[in-house]
Amino acid sequence: MPDAIVAEGLVKRYGPTVALDGLDLTVPEGTVTALLGPNGAGKTTTVRVLSTLLVPDAGRATVAGIDVLRDPRTLRSRIGASGQYAAVDEYLTGFENLEMVGRLYHMGVQRSKARARELLERFRLSDAADRPVKGYSGGMRRRLDLAGALVANPPVLFLDEPTTGLDPRARLDLWDVIEELVAGGTTLLLTTQYMDEADRLADSIAVIDHGKVIARGTADELKTLVGGDRIELTVDNADNLATAAQALKGLADGEIHIEQGLRRITVPVADGSQALVSAIGKLAEHDVKIHDVGLRRPSLDDVFLTLTGHEAEELINGNGHTPADKLAAVEGKTR
Ligand SMILES: Nc1ncnc2c1ncn2[C@@H]1O[C@H](COP(=O)(O)OP(=O)(O)O)[C@@H](O)[C@H]1O
Ligand SMILES: [Mg+2]
């Protein structure tokens, strides 16, 4: 399968901030790739470069066979993009918004109107078609914004955090819509902070951190990469955390993570349910009372912790933690 998106060595700096630090990425035609990473990782910058909105400081990229830097105008007519902040006109109706996009693509009045109606129907917005967008819910706005990206039937689509900020119901709705969309063969690069979203929608996941792709694979491959399941347990009394950690050491397949404030211990284990039974037994032996215990699949945080040595959330504050920092932090919490 030829690649619909190829990026090589993309670099983008904002003053001292390195937003993209030699980013490489390929997306085979007709597939969905999720660019998965925390706030500030460089997801939006990547999408902006690939959709011609931003010129990188170094590197090259082609989308749909067109050179992004040499031929941005041609490329613009072949891609659709929908942003984290829905770019719709508040004072126009849903119908007028889509019709306007059609006109911008020089589709002519009749075709623009017909396309607007068709998309409103497909995105379950027909009933709200003639109401100003001002009164739309967040989920409706996102669907309209997504519809706008599809007006010109682009073979390649970029969606930047399509469900961030939506309530769970609207999120599921949008996932359905996106799934229908890609069933039609559109190549999609979507960005997300959520492992479950990448898991559900993407054929392949590229994990991005500090402007670089640090891992690539299917959701299952990434989870395997970071080990098996996690036993997550909360103890009744924080004073027992160290005892609990000690008792569970033999079961751990990797580093035990302790969160003092939450009275929580996370233990990576190879054989999930077997280890869970043993863990409960061991804690009983050591008289550690358990408040809550469960087994879960690795999360984005686990992927990050394992691959980078820092937790996804820490990046939100712009703290680039090294593995040594993290070890110190974990040890600090154990004491
Ligand atoms: N216009 C800008 N001016 C200065 N810094 C920026 C600008 N846009 C993004 N950045 C910085 O570049 C980095 C990557 O940002 P971004 O691509 O928006 O990340 P993400 O979309 O993954 O949250 C961040 O550190 C961010 O603060
Ligand atoms: Mg972003």
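**Student:** Describe the overall build of the protein chain, listing the residues and the values that go with them.
**Tutor:** Helices and strands together make up the secondary structure of the protein chain, namely 12 helices and 14 strands. Expressed along its principal axes, the backbone C-alpha trace of the protein chain runs to roughly 75 × 45 × 35 Å. Burial analysis of the protein chain (335 residues in total) assigns 48% to the buried set. Across the protein chain, the 38 positively charged side chains and the 49 negatively charged ones have centroids separated by 5 Å.

**Student:** Could you give an account of the pattern of salt bridges, with specific residues and numbers?
**Tutor:** Per the counting criterion, the structure on display carries 16 salt bridges. A salt bridge links arginine 297 to aspartate 229, with the nearest nitrogen and oxygen atoms 3.7 Å apart. Taken together, the residues span a long stretch of sequence, with arginine 297 in the loop between strand 14 (290-296) and helix 11 (300-308) and aspartate 229 in the loop between helix 8 (219-225) and strand 11 (230-235) at a distance of 68 residues. Taking the relative accessible area as the measure of exposure, arginine 297 reaches 42% and is therefore partly exposed. Connected through shared salt-bridge partners, Arg171, Asp196 and Glu197 make up one network.

**Student:** Describe the environment of lysine 223, and please don't skip the residues or the numbers.
**Tutor:** The residue lysine 223 is located in helix 8 in this model. Considering only alpha carbons, one finds lysine 223 and serine 299, 76 residues apart in sequence, at a separation of 8.0 Å.

**Student:** I'd like a rundown of the domain arrangement of the protein chain, residues and numbers included.
**Tutor:** For the protein chain, the domain assignment lists domain 1 (3-78 + 154-224) and domain 2 (229-296). A straight line from the C-alpha centre of domain 1 to that of domain 2 covers 37 Å.

**Student:** Can you break down the nonpolar core residue by residue, with the values?
**Tutor:** Core analysis: the biggest nonpolar cluster contains 49 residues, and Leu98, Phe123, Leu144, Leu188, Ile205 and Val207 have the highest contact counts within it. Setting aside anything within four residues of it in sequence, one finds phenylalanine 123 in contact with Arg143, Leu146, Ala147, Leu150 and Val177. Residues Leu25, Leu50, Val63 and Ile79 belong to the second largest nonpolar core, which totals 25 residues.

**Student:** With reference to specific residues and values, describe the site of ligand 1.
**Tutor:** Near ligand 1, the surroundings consist of Tyr14, Thr17, Ala19, Pro38, Asn39, Gly40, Ala41, Gly42, Lys43, Thr44 and Thr45. Alanine 41 is positioned such that a nitrogen or oxygen atom in its backbone is 3.1 Å from an oxygen atom of ligand 1. Its free accessible area being 550 Å², ligand 1 has 60% of it covered by the protein chains. Of all the secondary structure elements, the ones that give two or more residues to the shell around ligand 1 are strand 2 (17-28) and helix 1 (43-50). The biggest single contributor to the shell around ligand 1 is helix 1, with three residues.

**Student:** Can you break down helix 6 (residues 168-183) residue by residue, with the values?
**Tutor:** Relative to the 22 Å expected for 16 residues at 1.5 Å per residue, helix 6 spans 23 Å between its end C-alpha atoms, a close match to the ideal helical length. Those residues of helix 6 that sit buried are Ala170, Arg171, Asp173, Leu174, Trp175, Val177, Ile178, Leu181 and Val182. Tucked into the core, helix 6 has its buried residues touching strand 3 (32-36), helix 4 (109-122), helix 5 (138-150), strand 7 (156-160), strand 8 (187-192) and helix 7 (195-201).

Criteria and cut-off values
Residues numbered from 1 in each chain as written. Chains lettered and ligands numbered in written order. Predicted model: local features only at pLDDT ≥ 70, side-chain atom pairs only at ≥ 80, totals over all residues. Heavy atoms only, no water. Helix = DSSP H or I, 4+ residues; strand = E, 2+ residues; numbered from the N terminus. Buried < 20%, exposed > 50% of the residue type's maximum accessible area, 1.4 Å probe, protein only. Lys, Arg positive; Asp, Glu negative; His and termini not counted. Charge placed at Lys NZ, Arg CZ, Asp CG, Glu CD. Salt bridge = Lys/Arg side-chain N within 4 Å of Asp/Glu carboxyl O. Domains from an automatic or database assignment. Core = buried A, V, L, I, M, F, W, Y, C linked by side-chain atoms within 4.5 Å. Contact = heavy atoms within 4.5 Å. Near = heavy atom within 4 Å. Polar contact = N/O pair within 3.5 Å; in protein donor to acceptor, adjacent residues only side chain to side chain. Areas by Shrake-Rupley, 256 points an atom, 1.4 Å probe, with all protein chains shown as cover. Expected span 1.5 Å × (residues − 1).

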